[in-house]
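Okay, here's what each chain looks like letter by letter:
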Amino acid sequence: MSQNFKMIAKTLFGLEEVLEKELRQLGAMDIKRGVRMVQFSGDLGFMYKANMMLRTAIRILKPVYSFKARNEVDLYDGIYQHDWSQYINEDDSISVHGTIASRYFNHSQYVALKTKDAIVDQFRRKTGTRPNVDTKHPDLRVSVHINDQRVDVSIDSSGEPLYKRGYRDKTNIAPINEALAAGIILLSDWDQRSTFIDPMCGSGTIAIEAAMIAANIAPNLNRMEFGFEKWKDYDNALFEKIQDSCLKKMREFDGKIIARDADGYTLQKAKDNVKNANLEDFISLEKGDFFRDNQTASAFLLFNPPYDERIGIEIDTFYKQIGDTLKQRYQGSTAWIITGNLEAIKHVGLRPSRKIKLYNGKLDARLVKYEMYRGTKKIHKLQ
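Criteria and cut-off values
Residues numbered from 1 in each chain as written. Predicted model: local features only at pLDDT ≥ 70, side-chain atom pairs only at ≥ 80, totals over all residues. Heavy atoms only, no water. Core = buried A, V, L, I, M, F, W, Y, C linked by side-chain atoms within 4.5 Å. Buried < 20%, exposed > 50% of the residue type's maximum accessible area, 1.4 Å probe, protein only. Helix = DSSP H or I, 4+ residues; strand = E, 2+ residues; numbered from the N terminus. Contact = heavy atoms within 4.5 Å. Phe/Tyr/Trp six-rings, centres within 6.5 Å; stacked < 30°, edge-to-face > 60°. Lys NZ or Arg CZ within 6 Å of the ring centre and 35° of its normal. Arc of directions from axis to C-beta. Polar contact = N/O pair within 3.5 Å; in protein donor to acceptor, adjacent residues only side chain to side chain. Pairing = 2+ DSSP bridges. Axes fitted to C-alpha atoms, helices over the stretch in contact; angles between N-to-C directions. Salt bridge = Lys/Arg side-chain N within 4 Å of Asp/Glu carboxyl O.

A. Highlighting the nonpolar core. In this structure, Leu23, Phe40, Ile60, Leu75, Ile79, Trp84 and Leu140 are the most contacted members of the largest nonpolar core, which totals 53 residues. Ranked by residue count, the leading element in this core is helix 2 (residues 44-53), at seven residues. Setting aside residues no more than four positions away along its own chain, Trp84 makes contact with Tyr65, Ile79, Ile119, Gln122, Phe123, Leu140, Val142 and Val153. Within the second largest apolar cluster, 41 residues are counted, among which are Leu12, Ala181, Trp336 and Ile356.

B. The packing of aromatic side chains, seen in detail. For the structure shown, the criterion picks out 22 aromatic pairs. Ring centres of Phe40 and Phe46 lie 5.9 Å apart, and the angle between their planes is 65 degrees; on these two criteria the pair is classed as edge-to-face. For the pair formed by Phe40 and Phe46, the shared burial category is buried. When the centroid spacing of 5.4 Å and the interplanar angle of 25 degrees are considered together, the rings of Phe290 and Tyr330 count as stacked. Of this pair, Phe290 sits in the loop between strand 11 (283-287) and strand 12 (300-303) while Tyr330 sits in the loop between helix 9 (315-329) and strand 13 (334-339); the two residues are 40 residues apart in sequence, bridging distant segments of the chain. A relative accessible area of 4% places Phe290 in the buried class. Positioned above the aromatic ring of Tyr359, the side-chain terminus of Arg36 is 5.7 Å from the ring centre. The side chain of Lys62 reaches across the aromatic face of Phe5, ending 4.3 Å from its centre.

C. Summary view of helix 3 (residues 72-80). Within helix 3, burial applies to Leu75, Gly78 and Ile79. Taken down its axis, helix 3 places every buried residue within 95 degrees of arc, on the same side. Those residues of helix 3 hidden inside the fold are in contact with strand 4 (59-68), helix 4 (108-127), strand 7 (140-147) and strand 8 (150-156). Where helix 3 starts, the residue carrying a side-chain oxygen 3.1 Å from the main-chain nitrogen of Val73 turns out to be Asn71.

D. Geometry of the sheet that holds strand 10 (residues 257-261). One open sheet accounts for seven strands, arranged 11-10-9-12-13-15-14; its pairing is mixed. With one partner strand each, in any of the chains shown, strand 11 and strand 14 (354-360) form the two edges of the open sheet. If you compare each strand with its neighbour and ignore which way they point, the axes differ by 20 degrees on average. Note that strand 13 and strand 15 (residues 363-371) share six bridges and pair antiparallel. Opposite Ala335, over in strand 15, you have Tyr370 as the bridge partner. Contacts from helix 5 (residues 178-187) reach strand 9 (196-198), strand 12, strand 13, strand 14 and strand 15, with the element oriented near 170 degrees to strand 14. Most of the contacts of helix 8 (residues 264-276) go to strand 11, to which it runs at about 170 degrees, and overall it touches strand 10 and strand 11.

E. Layout of the sheet that holds strand 8. The sheet built from eight strands is open, its strands ordered 2-3-1-4-8-7-5-6 with mixed pairing. The open sheet has two free edges, formed respectively by strand 2 (29-33) and strand 6 (132-133), since each of these has just one partner strand. Looking at chain direction, strand 2 and strand 3 (residues 37-42) are connected through three bridges and run antiparallel. Counted as the bridge partner of Arg33 is Val38 from strand 3. Against the sheet, helix 3 touches strand 4, strand 7 and strand 8, its axis set at about 115 degrees to strand 4.

F. Expanded view of the pattern of salt bridges. Taken as a whole, this structure holds 20 salt bridges when the rule is applied. A salt bridge links Lys126 to Asp83, with the nearest nitrogen and oxygen atoms 3.5 Å apart. One end of the pair, Lys126, is in helix 4; the other, Asp83, is in the loop between helix 3 and strand 5 (93-101), with 43 residues separating them in the sequence. Its relative accessible area of 46% is what places Lys126 among the partly exposed residues. The class for Asp83 is partly exposed, based on a relative accessible area of 32%. Via salt bridges that share partners, Glu20, Arg24 and Arg33 belong to a single interconnected network.

Structural data, given as structure tokens:
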């Protein structure tokens, strides 16, 4: 039985509580929520499972040690004194990522460069040769986080960010991040029984993530490679056991998930991505115009409408049309909209029942809920 160790799951701002809940459901221990991260403990198998199963995590880091540094000499010495041969050999490759919140250090790239120098110098002194730098497919990804004087050094078990599920090779102009798409679905109150509609589906990401949630499909089941597969302590038999366990957790789903778009070319991209995700049996793809289609039965809508002028529309008018359409054609439905245009959302003309602050990339965004009551809200409450 392998020992438990501390890990850090990185996420997007606003999804920390969702990620914490995911970790609890998976069976993580010693959970502590922070900003854009959740700390937890588990063993080697749990690290494999977390990478496979977490929907809102961006990467899983394994902290290896900490020290104090106030200048580049302290930083170099602190990195150099650690035994890096535990993780890689001299003919392996590395990449280093730095993040800083410190009065002593100004540039994260410089921190990454000094860290890399210390690691390769250690190998050169010991063996006469040194690891190469490979930013795309390294054998080891090193993460250095400096908070004032404290330097936390971790190794990245995920490799490529976990939102790169592998199904999306075709996107529209402004694709939504897969982890964010999963997060907004988990933040919403979709009961996984009501008909789920994305009426402006773009590349299909929201519908795909909804289907994987509904059928409890591990989001990274089809991923080609994780960072931990190149580690010295990688246990392939254990990893295959975890994969089998994830497959057995899949469940039947007989609800309806509908992805619509008015643009045929965009819809074809969504179809290709749904096929890549092996979810054709779960998602209905339809060509349809949100502003003209009639929706007779109540539904659950969740979508990411355009939020800038790049597609040649007048944004304020467009968002007013969204509000009018919801009011007139979707009575009895619940609608969630995520947008990066905080001014445009004011033109919807409906009173939201919830508003959640998120970030779509570096863009300040809002996830907004509208409840389309039949008749007035007052009458609805009396029923």
